[in-house]
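Observations on the three-dimensional arrangement
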Amino acid sequence: MSFQNWTEHTAHVKKSFGELGKKHPKMLQAYISLDQAAAAEALDEKTRELIAIAVAITTRCESCISVHAEKAAKAGATESEIAGALATAIALNAGAAYTYALRALEAVEEQK
C-alpha cells in the first residue's frame with residue numbers, strides 16, 4: 001500500500017501545468033522564467049532538486065514532491081542523498097516548531 005500513485009500524480013501535474021499554460025501563457029512563462037533563473041545560479045541540478053524536494057515537504061506540496069522526486073532521481077540523487085535532504089527538512093521543521101513554542105510560552109506568560 002502506498003500513499004499515492006506518484007507516477008500518475010506526476011503525469012497529472014505536468015498535464016495540468018500544460019493546460020493552465022495554454023489558458024494563461026504569461027503566467028506559465030513567468031513561472032518558467034523563475035525556474036530558469038534559479039537554474040542559472042551556481043548550484044548543480046542534483047543539489048537544486050535535493051533542496052526542492054526538502055522544501056516540498058516543508059511546504060506540504062504533494063505535486064512538488066511528485067515532480068521533484070522524479071527530477072532528483074533523474075539528476076542522479078541517491079536514496080541516501082534524498083533521505084539526507086529530507087532529514088534536514090524534518091529537523092528544520094522541528095526547529096521552527098520549537099521556536100514557535102517559545103513564542104506561545106511567552107504569550108502565555110505575558111497574559112498572566
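Residues numbered from 1 in each chain as written. Predicted model: local features only at pLDDT ≥ 70, side-chain atom pairs only at ≥ 80, totals over all residues. Heavy atoms only, no water.

1. A few points about unusual backbone geometry
For the record, the criterion: By the criteria applied, helices consist of DSSP H or I runs no shorter than four residues and strands consist of E runs no shorter than two, each listed in order from the N terminus.
In this structure, Arg60 is a non-glycine residue whose phi angle is positive, near 60°. Its location among the elements puts Arg60 in the loop between α3 (45–58) and α4 (62–74).

2. Points about the side chain of Glu49
Put simply, the rule is: In this scheme, a residue with accessible area under 20% of its type's maximum is buried, one over 50% is exposed, and one in between is partly exposed, where area comes from a 1.4 Å probe on protein chains only. The sign given to each residue is positive for Lys and Arg and negative for Asp and Glu; His and the chain ends receive no count. Salt bridge, as used here, is a side-chain nitrogen of Lys or Arg placed within 4 Å of a carboxyl oxygen of Asp or Glu. By the convention used here, residues are in contact when the closest approach between their heavy atoms is within 4.5 Å.
Mapping Glu49 onto the fold places it in helix α3. Buried charge without a partner: Glu49 forms no salt bridge, and the closest opposite charge is Lys71, 4.5 Å away. Here Glu49 is in contact with His68, Lys71 and Ala72, once residues within four sequence places are set aside.

3. Regarding the packing of aromatic side chains
Here is the rule we go by: Pairs were defined over the aromatic rings of Phe, Tyr and Trp, the Trp ring being its six-membered one, requiring ring centres within 6.5 Å. Orientation was assigned from the angle between planes: stacked under 30 degrees, edge-to-face over 60, tilted for the rest. Both a distance and an angle decide whether a charge sits over a ring: NZ of Lys or CZ of Arg must be within 6 Å of the ring centre and within 35 degrees of the ring normal.
This structure, assessed with the given rule, holds one aromatic pair. Where Phe17 meets Tyr31, the ring centres are 5.4 Å apart and the plane angle is 65°; that geometry is what we call edge-to-face. With Phe17 in helix α1 (residues 6–23) and Tyr31 in helix α2 (residues 25–39), this residue pair connects regions lying 14 residues apart in the sequence. Taking relative accessible area as the criterion, Tyr31 reaches 43% and is therefore assigned partly exposed. Stacked on the ring of Tyr100, the Lys or Arg Arg103 has its end atom at 5.0 Å from the ring centre.

4. Things to note about the side chain of Thr10
Under the convention used in this document: By the criterion applied in these results, polar contacts are pairs of N or O atoms within 3.5 Å in which, for protein atoms, one can donate a hydrogen and the other can accept it, and in which residues neighboring in sequence qualify only through two side-chain atoms.
Secondary-structure assignment places Thr10 in helix α1. For Thr10, a relative accessible area of 6% puts it in the buried group. A distance of 2.8 Å separates a polar side-chain atom of Thr10 from the backbone oxygen of Trp6. In contact with Thr10, not counting residues within four places along its chain, are Ser66, Val67 and Glu70.

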